[in-house]
Amino acid sequence: MDISRDAPIGVFDSGVGGLTVLDELLVALPAEDFVYFGDTAFFPYGDKSPERLRERAIAISDWLLGHGVKLIVIACNTATAAALDHLQRACPVPVMGVMAPEAHAAVQTTRNRRVGLLATVATVDSGSYSRMVGAHDAGVEFTSVACPELAPAIQDGDPFGHEVADLVRGYVAPLREADVDTVILGCTHYPVVDKLLRRALPGVTLIKSGEELAREVAESLARRELLRGADREGEYSFACSGDPAQFATLGARFLQMPLGDVLQHDPEEG
Ligand code: DGL
């Protein structure tokens, strides 16, 4: 299949968390067009089985491919852990996920070789981060903390309220105990509460998916000669499987850029 450099880039997540990746992509690649899908009706991904997440990821990728995308970004750690390999084998365009760039950055960043992870239950259970960090430096002491309530509290509650602040304090306690100097934010929802996390983990470097991945996407498109010329400003559009008005309100708050109309679509209805 011939991939056109003028095609958009497809991005998906279980909801609004992937917008923390999209905003880095919009800044790193201002000339590109993007189509974003938030699977809000199926949120949260963190408590679903890998098999079910794979089915969902396939349906969403088919929808993105129907929009003629030239590259797919899985802007969700949980979906990356469950479906990256499968989508890379099945899709006719490159598929990139979060996780590998952060694991690499964490190993390069740590000075005391103690690295922490905050992520969903599904991501921690997959063991992917621990394997990736170990592949870069088997001597790193790795401490993971599953945070089952954090992404739902950010997406469905008040992300900047007391409940989230209390959750953050509780979830980081084992990382403080383990004396980590570097923490991977292994869920794309967490950078939304970056300030709470930084306050709860003073002196610790936080590794975020968006920044690392945006660099890799730009490099990958450049190497494949698929980057658009810089003489234009790209467009971006949004769809979600749940309530579009709710997505638009929350999304605009997280993205800090205009969102426009949000289309509603059920990926498993084709
Ligand atoms: N944003 C997703 C991730 O990066 C997780 C949130 C969820 O549980 O759906 O893992």
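As shown above, the structure is provided for reference.
A brief report on the enclosed structure follows. Worth saying up front: this structure is predicted, and the values here are computed from it rather than measured.

Structural notes on the packing of helix α1 (residues 19–28) against helix α11 (residues 244–255)
Close contact between α1 and α11 brings their axes to 9 Å; oriented N to C, the two are set at 55°. Considered as vectors, α1 and α11 are oriented oblique to each other. Crossing angle aside, the handedness with which α1 passes α11 is right-handed. Of the residues in α11, those touching α1 at Leu19, Leu22, Asp23 and Leu26 are Phe247, Gly251, Phe254 and Leu255. Taken together, the residues that form the contact of α1 with α11 break down as six nonpolar, one polar and one charged.

Comments concerning the pairing of strand β9 (residues 236–240)
Regular strands place their side chains on alternate faces of the sheet. For strand β2 (residues 34–38) and β9, the ladder comprises five bridges, and the chain directions are parallel. Within β9, the residue paired with Phe34 across the bridge is Tyr236. Pairing of β9 with strand β10 (residues 262–264), which is carried by three bridges, proceeds in the parallel orientation. Bridging across to β10, Ala239 finds its partner in Leu263. As for the winding sense of the linkage, the β-α-β connection from β9 through α11 to β10 is right-handed.

Some details on the pattern of salt bridges
Applying the stated rule across the entire model yields 18 salt bridges. A salt bridge links Lys70 to Glu32; its shortest N-O distance comes to 2.6 Å. With Lys70 in the loop between α2 (50–66) and β3 (71–74) and Glu32 in the loop between α1 and β2, this pair connects stretches of sequence that are 38 residues apart. Of the two residues examined, Lys70 and Glu32, each falls in the buried class. For Asp194, the salt bridge goes to Lys208, with nearest N and O atoms at 3.0 Å. Separated by 14 residues along the polypeptide, Asp194 in helix α9 (residues 194–200) and Lys208 in the loop between β8 (205–207) and α10 (209–223) bring together distant segments of the chain. Each member of the pair, Asp194 as well as Lys208, is classed as buried. Here the residues in one salt-bridge network are Asp39, Arg52, Glu55, Arg56 and Glu268, joined through shared partners.

A closer look at the site of the ligand
Around the ligand, the structure places 14 residues, and the nearest of them are Ser14, Tyr45, Gly46, Thr78 and Thr188. One of the side-chain N or O atoms of Asp13 is found 3.0 Å from a nitrogen atom in the ligand. Contact distances for the ligand include 2.8 Å between an oxygen atom and a backbone N or O atom of Asn77. Calculation on the ligand without its partners gives an accessible area of 300 Å², and the protein chains cover 99% of this total. Across the shell around the ligand, the residue classes break down as six nonpolar, seven polar and one charged.

Examining the environment of Ala173
One can find Ala173 in helix α8 (residues 162–177). Taking the relative accessible area as the measure of exposure, Ala173 reaches 38% and is therefore partly exposed. Note: C-alpha distance between Ala173 and Tyr36 (137 residues apart in sequence) is 34 Å.

Quick notes on the sheet that holds strand β5 (residues 114–119)
The four strands are arranged β6-β5-β7-β8 in an open sheet whose pairing can be described as parallel. The sheet is open, and its two borders are formed by β6 (141–146) and β8, each paired with just one other strand. Put simply, the sheet's adjacent strands are angled 20° from each other on average, direction ignored. Pairing analysis gives three bridges linking strand β7 (residues 182–186) to β8, with the strands arranged parallel. Within the sheet, the bridge partner assigned to Ile184 lies in β8 and is Ile207. The sheet strands contacting α8 are β5, β6 and β7, and the helix crosses β6 at an angle near 165°.

Observations concerning the packing of aromatic side chains
Overall, the coordinates contain six aromatic pairs when judged by the stated rule. Plain terms: the ring middles of Tyr36 and Phe247 are 6.1 Å apart, the flat faces sit at 40° to each other, and that makes the pair tilted. Taken together, the residues span a long stretch of sequence, with Tyr36 in strand β2 and Phe247 in helix α11 at a distance of 211 residues. When sorted by exposure, Tyr36 lands in the same class as Phe247, which is buried. Geometrically, the ring pair formed by Tyr236 and Phe238 is edge-to-face, given 5.8 Å between the ring centres and 80° between the ring planes. In this structure Tyr236 comes out as partly exposed when scored by relative accessible area, which is 25%.

Calculation criteria
Residues numbered from 1 in each chain as written. Predicted model: local features only at pLDDT ≥ 70, side-chain atom pairs only at ≥ 80, totals over all residues. Heavy atoms only, no water. Axes fitted to C-alpha atoms, helices over the stretch in contact; angles between N-to-C directions. Helix = DSSP H or I, 4+ residues; strand = E, 2+ residues; numbered from the N terminus. Parallel < 35°, antiparallel > 145°, perpendicular 65-115°, else oblique. Left-handed = near helix turned anticlockwise from the far one by under 90°. Contact = heavy atoms within 4.5 Å. Nonpolar A, V, L, I, M, F, W, Y, C, P; charged D, E, K, R; others polar. Pairing = 2+ DSSP bridges. Right-handed = clockwise from strand over helix to strand, strands pointing away. Salt bridge = Lys/Arg side-chain N within 4 Å of Asp/Glu carboxyl O. Buried < 20%, exposed > 50% of the residue type's maximum accessible area, 1.4 Å probe, protein only. Near = heavy atom within 4 Å. Polar contact = N/O pair within 3.5 Å; in protein donor to acceptor, adjacent residues only side chain to side chain. Areas by Shrake-Rupley, 256 points an atom, 1.4 Å probe, with all protein chains shown as cover. Phe/Tyr/Trp six-rings, centres within 6.5 Å; stacked < 30°, edge-to-face > 60°.

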